[in-house]
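# Structural features, examined
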Amino acid sequence: MCMKKIALITGATSGIGRATAHEFAKQGIHLILCGRREERLQTIKEALNKQTEVHTLNFDVSDKKAVFEAIESLPDHFKTIDILINNAGNAHGLDAIHEGDLKDWEAMMDSNVKGLLYVSKAIIPQMTKRRSGHVINIGSSAGKEVYPKGNVYCASKHAVLAITEGMRMDLNPFGIKVSAINPGLVETEFSQVRFKGETIANNVYKGYKALQANDVAEVIYFAISRPAHVNIADVLMFCTAQASSTIVKKEI
Ligand code: NDP
Ligand code: 8X3
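Okay, so let's go over this structure. (Residues numbered from 1 in each chain as written. Chains lettered and ligands numbered in written order. Predicted model: local features only at pLDDT ≥ 70, side-chain atom pairs only at ≥ 80, totals over all residues. Heavy atoms only, no water.)

### Regarding the site of ligand 1
As a matter of local geometry, ligand 1 sits amid 30 residues, with Thr13, Ser14, Arg36, Tyr153 and Thr188 nearest to it. With respect to ligand 1, the backbone of Gly11 contributes an N or O atom lying 3.0 Å from an oxygen atom. The contact in question runs from an oxygen atom of ligand 1 to an N or O atom on the backbone of Gly89, over 3.4 Å. Bound to the protein, ligand 1 loses 97% of the 880 Å² it would expose on its own. Put simply, the parts of the chain that give the shell around ligand 1 at least two residues each are helix 1 (15-26), helix 5 (151-170) and helix 6 (190-194). Among the residues making up the shell around ligand 1, the classes are represented as twelve nonpolar, 13 polar and five charged. (Near = heavy atom within 4 Å. Polar contact = N/O pair within 3.5 Å; in protein donor to acceptor, adjacent residues only side chain to side chain. Areas by Shrake-Rupley, 256 points an atom, 1.4 Å probe, with all protein chains shown as cover. Helix = DSSP H or I, 4+ residues; strand = E, 2+ residues; numbered from the N terminus. Nonpolar A, V, L, I, M, F, W, Y, C, P; charged D, E, K, R; others polar.)

Given below as structure tokens:
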């Protein structure tokens, strides 16, 4: 009998993470969906339960204790995680370095970098023990190229890329796949969070067709569905209108 794979997705309550949950559910992959907004987790679970088995974990990735307790609490039939999607994260603010808010900087480093590390530390040792698994880290074009006022967010995503490359080297002896998926502009709640709901957030995706969360989810599914000998190591994906972090062709 072919056992269904189990995927744990952080940041599954919105955007890329939620779209990935839907994409994986279509394929019958069993899901552990994580996020801080419990009511959203329940809504998504109800929607996907018809297609696959779903378990939810409600925790903040930047809370080290909560991360380890949550993974520890998994019921037996969800304990063996085959695929880890480290997706939770956000940008907070878009300010020149001398004007940035310390709380924003801490939030980005705590969730995008330290949170990714905590979740990875809670899960990867079981993969090394089994000598199998696939870790996908959601980086960003901001992890490859710094843009004005992107300073700390770009630093956090450069760190994600460095961690991903380090993981690929260290986990190589265990046959574990490690992938970086690095999108450019994706139309999600990302800008609402970055600009704290301010109206400027509504303009970010105006005048061009940005990537949609599902576009990224399809690439993530492509990466996890390759044959055993193929690892999609690093993907940089833009919408057609985007050529770099600072070049976006907009119709005004
Ligand atoms: P959204 O704001 O739509 O989703 C972010 C998700 O991350 C939410 O599910 C949120 O869940 C979760 N999250 C954020 N902080 C924490 C935390 N501290 N603990 C637990 N969960 C957290 O944005 P996107 O879907 O666009 O972003 C997903 C990832 O993609 C991020 O890493 C982002 O940096 C990256 N990315 C986004 C791009 C874009 O243009 N949108 C482009 C390139 C990369 P909850 O609030 O319920 O906890
Ligand atoms: C999100 C893309 O360009 O807003 O990572 O940094 S960008």
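Once you've had a look at it, read on.
### A closer look at the site of ligand 2
Taken together, Ser140, Ala142, Tyr147, Tyr153, Gly184, Phe190 and Arg194 make up all the residues around ligand 2. For ligand 2, an oxygen atom lies 2.6 Å from a polar atom in the side chain of Tyr147. Residue Tyr153 places a side-chain N or O atom 2.6 Å away from an oxygen atom belonging to ligand 2. For ligand 2, whose free accessible area comes to 240 Å², the fraction covered by protein is 89%. Here the shell around ligand 2 is composed, by residue class, of four nonpolar, two polar and one charged.

### What about the sheet that holds strand 6 (residues 177-183)?
With parallel pairing, seven strands are arranged side by side in an open sheet as 3-2-1-4-5-6-9. Unpaired on one side and paired on the other, strand 3 (54-58) and strand 9 (234-237) mark the two borders of the sheet. Adjacent strand axes in the sheet meet at a mean angle of 15°, parallel and antiparallel pairs treated alike. In the sheet, strand 1 (residues 6-9) pairs with strand 2 (residues 30-35) via four bridges, with the strands oriented parallel. Bridge assignment links Ile6 to a residue of strand 2, and that residue is His30. (Pairing = 2+ DSSP bridges. Axes fitted to C-alpha atoms, helices over the stretch in contact; angles between N-to-C directions.)

### Topic: unusual backbone geometry
Even without glycine at this site, Arg131 takes up a positive phi of about 55°. By the secondary structure assignment, Arg131 is in the loop between helix 4 (102-130) and strand 5 (134-138). One non-glycine residue, Lys196, adopts positive backbone phi at about 55°. As for its position among the elements, Lys196 is in the loop between helix 6 and helix 7 (200-203). A residue is classified by how much of its surface remains accessible, and Lys196, at 51% relative accessible area, is exposed. (Buried < 20%, exposed > 50% of the residue type's maximum accessible area, 1.4 Å probe, protein only.)

### Section: helix 8 (residues 213-224)
Working note: α-helix, 3.6 residues per turn, so residues spaced by three or four point in the same direction. In this model helix 8 runs 17 Å from its N-terminal to its C-terminal C-alpha over twelve residues, within 8% of the 16 Å that 1.5 Å per residue would give. Among the residues making up helix 8, those that are buried are Ala213, Val216, Ala217, Ile220, Ala223 and Ile224. Each buried residue of helix 8 lies within a common arc of 115° when the element is viewed along its axis, so the set occupies one face. (Expected span 1.5 Å × (residues − 1). Arc of directions from axis to C-beta.)

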